[in-house]
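# Residue-level structural notes
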Amino acid sequence: MAWFRSFIQVSKIKSSVRPTKPTHFFTPLSHFSSAAGPAEAAVRERWGLAPTGPDDKPRVVVLGSGWAGCRLMKGLDTKAYDVVCVSPRNHMVFTPLLASTCVGTLEFRSVAEPIGRIQPAISSAPGSYFFLAKCTGVDPDNHMVHCETVTDGSNSLEPWKFKIAYDKLVVALGAEASTFGIHGVTDNAIFLREVHHAQEIRRKLLLNLMLSDVPGISEEEKRRLLHCVVVGGGPTGVEFSGELSDFIMKDVRQRYAHVKDYIHVTLIEANEILSSFDDRLRQYATKQLTKSGVRLVRGVVKDVKSHKIILSDGSEVPYGLLVWSTGVGPSPFVRSLQLPKSPGGRIGVDEWLRVPSVQDIFAIGDCSGFLESTGKPVLPALAQVAERQGKYLAELLNGVAKAGGGQANSSKEIALGDPFVYRHLGSMATIGRFKALVDLRQSKEAKGLSLAGFTSWIIWRSAYLTRVVSWRNRFYVAVNWFTTFVSGRDISRI
Ligand SMILES: Cc1cc2nc3c(=O)[nH]c(=O)nc-3n(C[C@H](O)[C@H](O)[C@H](O)COP(=O)(O)OP(=O)(O)OC[C@H]3O[C@@H](n4cnc5c(N)ncnc54)[C@H](O)[C@@H]3O)c2cc1C
């Protein structure tokens, strides 16, 4: 009976013994282990996707819905593959515009792109799915990933575990904000990486503004509440500081006139701000930020308490809002994976973005890096790297399927074509007040065009508007920018 055959237990299937019948359906796996008592197993193991048969469409499992994973899914030929995406969020975040949502220049939905829009097959093709879950383990020997649902603390369902068999696995898990082990950062600072972080920053900023206007608050408390501190002078920290100062100059002065003299922004950086940019641009940014009222502090954070930061020279910086933006590194999960690693602990890949020593696993984006043996440097954690790796890998996998190597363990003999080559297109950053920096040099040492000011700001806006993934969001962004320009930012605390 067909239905019975598809109800096989995946846990019993070894990679060498693949079922001959299609198993498109959700297949019960080893149900919640009888060996473990209910108290021990807080998370049940329930269902999964069994391995595909030789006559089925092969399945590409994509871990992560960021720049790399989404660009890959967009480019995959869904006539050749079923696509299954596993991620704790059902959208891609257009990160370069995330800072603008914290102060209301843009709405949150303008920077979130639903996955079903990026790859429509995920919502409609019978064998393609999106699973709101996080990957908890990779089993290369059995071509299987272990996952656990993400219920976000909702009590509507208990979380559960499941497994998915893959023909090709693409690991695109991104990176995590680095705290350098500094005490108190995780508990007290907000990282700016996801839409919910931007929402938290906005809520806190508006709450502090309103509390500081309530009778009975001391001068000292008012100053602390309205002191916004950003740690990290890279492009993200600078862009956020610029947005914040713009918000203060234009909107707070008008609509919170009682407290306008109390609100301040401090940007703390251990070295120079925007270290990857041209010297001239860096000086320009420093001058403009200072002019907009951002206090630049050169210092190293030693400890973070609930209301103040302690710097290594012993000075204390009280704050009401603390945003942490000091670069990224591999997540503990990526570090824990038993896969080869590149310098810095990312998943090691060869020139074709394959993870060597295992079959059918690829890694792209911020979680991956060239292995030392390739002689290539680990690429910077940038959207332009992740996006181009996603595009390259989609083409590579489409070619592999065409050559008959789509199924698990069947592409060993297939020529993969040209290796991945990265060419840096330049960097951009906005610094507020209709000004931005555009640095089109390929590297810090190279010669090339770099400019700053209003023209750069127009280039910055135009470039990102065209990069927004869908027409729908492009329209939202354009309308938000226009509305903000004409009538100021929305300051309601909803
Ligand atoms: C505020 C901000 C501004 C930026 N601006 C720029 C810019 O202007 N230009 C530029 O080039 N770069 C910029 N970047 C960097 C850029 O966003 C990253 O390099 C890019 O997002 C990397 O893409 P990725 O797909 O590797 O990772 P991400 O986009 O981070 O995606 C990782 C995905 O993996 C998922 N995930 C994590 N753990 C698990 C798990 N266990 N199981 C399943 N899924 C998991 C996450 O939910 C996410 O969907 C910016 C970053 C930030 C935060």
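Residues numbered from 1 in each chain as written. Predicted model: local features only at pLDDT ≥ 70, side-chain atom pairs only at ≥ 80, totals over all residues.

## Some remarks on the overall build of the chain
Test applied: In this text, helices come from DSSP runs of H or I with a minimum length of four residues, and strands from runs of E with a minimum of two, each type numbered from the N-terminal end. We compute the radius of gyration over the C-alpha atoms and compare it with the globule rule, which gives 2.2 Å times the number of residues raised to the power 0.38. Exposed residues have 12 or fewer other C-beta atoms within 10 Å of their own C-beta, buried residues have 20 or more, and partly exposed residues fall in between, where C-beta atoms are placed from the backbone. Our contact criterion uses C-beta atoms placed from the backbone: two residues qualify when those atoms are within 7 Å.
In terms of regular secondary structure, the chain is built from 14 helices and 26 strands. Relative to a compact globule of 494 residues, whose C-alpha radius of gyration would be 23 Å, the chain shows 25 Å and is just as compact. Dimensions of the chain, computed from C-alpha atoms along their principal axes, come out at roughly 75 × 55 × 45 Å. Within the chain, buried positions represent 43% of all 494 residues. Long-range contacts, defined as pairs at least 24 residues apart, comprise 63% of the intrachain contacts of the chain with a sequence gap of at least 6.

## Points about the sheet that holds strand E25 (residues 435-439)
For the record, the criterion: We call two strands paired when DSSP finds no fewer than two bridges between them. All axes here are fitted lines through C-alpha atoms, helices being fitted over the stretch that makes contact, and every angle between N-to-C directions spans 0 to 180 degrees.
With antiparallel pairing, the three strands of this open sheet are ordered in space as E24-E25-E26. Taken across any chain shown, the strands that pair with only one partner, and hence form the sheet edges, are strand E24 (427-432) and strand E26 (450-453). Looking at each pair of strands side by side, their axes are set apart by 10 degrees on average, direction ignored. As judged from the five bridges shared by E24 and E25, these two strands associate in the antiparallel manner. Bridge pairing in E25 places Ser427 opposite Asp439. Strand contacts of helix H13 (residues 454-467): E24, E25 and E26, with the helix running at about 75 degrees to E25, the strand carrying the most contacts.

## Here we look at the domain arrangement of the chain
The condition is simple: An automatic or database domain assignment supplies the residue ranges for each domain.
Here the chain is described as being made up of domain 1 (2-175 + 330-402) and domain 2 (177-328 + 425-487). The gap between the C-alpha centroids of domain 1 and domain 2 is 33 Å. Of all the elements, helix H3 (residues 98-102) adds the most residues to the side of domain 1 that touches domain 2, at five residues.

## Focus on the site of the ligand
As a reminder, the rule being used: Using the backbone to place each C-beta atom, any residue with that atom within 6 Å of a molecule or strand is considered near it.
Around the ligand sit 32 residues in total, of which Gly64, Gly66, Pro96, Gly174 and Gly365 are the nearest. Both domain 1 (2-175 + 330-402) and domain 2 (177-328 + 425-487) contribute no fewer than three residues apiece to the shell around the ligand.

## Observations concerning the UniProt feature "domain: FAD/NAD(P)-binding" (unreviewed entry) in the chain
Cut-off, in case you're wondering: UniProt positions are given in the numbering used here, feature names are shortened, and annotations may be inferred rather than shown by experiment.
The positions UniProt marks with the feature "domain: FAD/NAD(P)-binding" (unreviewed entry) are residues 59-390. As annotated, residues 59-390 has a helix share of 29% and a strand share of 27%, and its two end C-alpha atoms lie 17 Å apart.

## Quick notes on the pairing of strand E16 (residues 301-304)
Bridge count for E16 against strand E17 (residues 308-311) is three bridges, and the pairing is antiparallel. Looking at the pairing, Val304 lines up with Ile309 of E17. In sequence, E16 turns back onto E17 through a hairpin of three residues.

## Considerations on the sheet that holds E17
The sheet built from three strands is open, its strands ordered E16-E17-E18 with antiparallel pairing. Among the strands making up the open sheet, the edge pair consists of E16 and strand E18 (316-318). With direction set aside, neighbouring strand axes in the sheet form an average angle of 25 degrees.

## Some details on the nonpolar core
What counts, and what does not: In this usage, the nonpolar core is the set of buried Ala, Val, Leu, Ile, Met, Phe, Trp, Tyr and Cys residues whose C-beta atoms join them within 7 Å.
In terms of nonpolar packing, the biggest core is built from 127 residues, with Val145, Val170 and Leu437 touching the most fellow members. Looking at which element gives the most residues to this core, the answer is helix H12 (residues 383-402), with nine residues. Split by domain, the residues of this core number at least three in each of domain 1 (2-175 + 330-402) and domain 2 (177-328 + 425-487).

## Structural notes on H12
Quick reminder: α-helices carry 3.6 residues per turn. Residues three or four places apart thus point the same way. The cut-off we apply is this: Residue count minus one, scaled by 1.5 Å, sets the expected span of a helix.
Taking 1.5 Å of rise per residue, the 20 residues of H12 would be expected to cover 28 Å, and the 29 Å separating its terminal C-alpha atoms lies within 8% of that figure. At the exit of H12 stands Gly404, carrying a positive phi of roughly 85 degrees.

## A closer look at unusual backbone geometry
Although it is not a glycine, Leu353 adopts a positive phi angle of roughly 65 degrees. Of note, Leu353 is situated in the loop between strand E21 (347-349) and strand E22 (361-363). Although it is not a glycine, Arg433 sits at a positive phi angle of roughly 50 degrees. Within the secondary structure layout, Arg433 lies in the loop between E24 and E25.

## Focus on the environment of Gly320
When you line up the elements, Gly320 lands in the loop between E18 and strand E19 (321-324). In this structure the C-alpha to C-alpha distance between Gly320 and Leu209, which are 111 residues apart in sequence, comes to 9.8 Å. Those residues in contact with Gly320, other than ones at most four positions away along the chain, are Asn208, Arg224, Leu225, Leu226, His227 and Cys228.

## Topic: H13
Spanning 14 residues, H13 covers 20 Å between terminal C-alpha atoms, matching the ideal 20 Å at 1.5 Å per step. Looking at the buried residues of H13, the elements they touch are E24, E25 and E26.

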